Amino acid sequence: MWVILSYMVGVLVHQLTGWPAPLVMLGLAVLIKLTVTLSSGLEEGAYLMHHFFTKAAAYPVLFVLGLTLTPWQVLLSVLTPVYLITIVVTVLTLALVGLIVGRWAGLNPIESALINVCHSGMGSVGDMAILTSAHRMHLMPFAQLATRMGGALTIVIALMMFSVYQN
């Protein structure tokens, strides 16, 4: 019921304001979780569904989506040393920043580095690939939140900077 209600609110807000419905739904889910308005039974059920799908569907989904969505010709044409160095430096920088900030904030530094590395993936599929390879699928909700909210925040900041420096 909560999922359908949050989806309907997301669609309604999208029609009224133009904000993306999934982003509104995600924000509503965070608000509900932060205000602790869910029963423990509902949270337990959500955890069990998440656990089931990460065990039963993670590898088939990764394989099928990776195989079908990867633009193989484009990928092979850009595998030059310059791109490979850029990719490696980007991922290492994200991991190092996540490690340092995680340690500074009192979090598990390895897990915070993994969540930060999820910014370099291909959205949800990239999150799933990174977390399954690290055997940390229990971090998927945090990776999704970081990917969705972090991506939106990055775009907002970039647009603000472009508007300031454009003139």
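Structure's up top.
It should be emphasised that the depicted structure is a prediction, and the values quoted were computed from it without experimental measurement.

Novice: Help me understand the overall build of the chain in this model?
Specialist: Broken down by element type, the chain carries nine helices and zero strands. Secondary structure elements of the chain occur, N-terminal to C-terminal, as α-α-α-α-α-α-α-α-α. Along the first, second and third principal axes, the C-alpha atoms of the chain reach 50 × 50 × 40 Å. Going through the 167 residues of the chain one by one, you find that 22% of them count as buried. Sequence separation of at least 24 residues holds for 46% of the intrachain contacts in the chain that already meet a minimum separation of 6. Element-wise, carbon and sulfur atoms account for 77% of the exposed surface of the chain, whose accessible area totals about 12,100 Å². Once the 5 positive and 4 negative side-chain charges of the chain are each reduced to a mean point, those two points are 7 Å apart.

Novice: Help me understand helix α9 (residues 140–166) in this model?
Specialist: Because an α-helix packs 3.6 residues into every turn, residues spaced three or four apart end up facing the same way. Here α9 contains 27 residues, and its C-alpha end-to-end distance of 38 Å stays within 8% of the 39 Å for a straight helix at 1.5 Å per residue. Taken together, the buried positions of α9 are occupied by Met140, Ala143, Gln144, Ala146, Thr147 and Gly150. Among the structural elements, α3 (40–56), α7 (109–117) and α8 (124–133) are those in contact with the buried residues of α9.

Reading the values: the criteria
- Residues numbered from 1 in each chain as written.
- Predicted model: local features only at pLDDT ≥ 70, side-chain atom pairs only at ≥ 80, totals over all residues.
- Heavy atoms only, no water.
- Helix = DSSP H or I, 4+ residues; strand = E, 2+ residues; numbered from the N terminus.
- Buried < 20%, exposed > 50% of the residue type's maximum accessible area, 1.4 Å probe, protein only.
- Contact = heavy atoms within 4.5 Å.
- Areas by Shrake-Rupley, 256 points an atom, 1.4 Å probe, with all protein chains shown as cover.
- Lys, Arg positive; Asp, Glu negative; His and termini not counted.
- Charge placed at Lys NZ, Arg CZ, Asp CG, Glu CD.
- Expected span 1.5 Å × (residues − 1).

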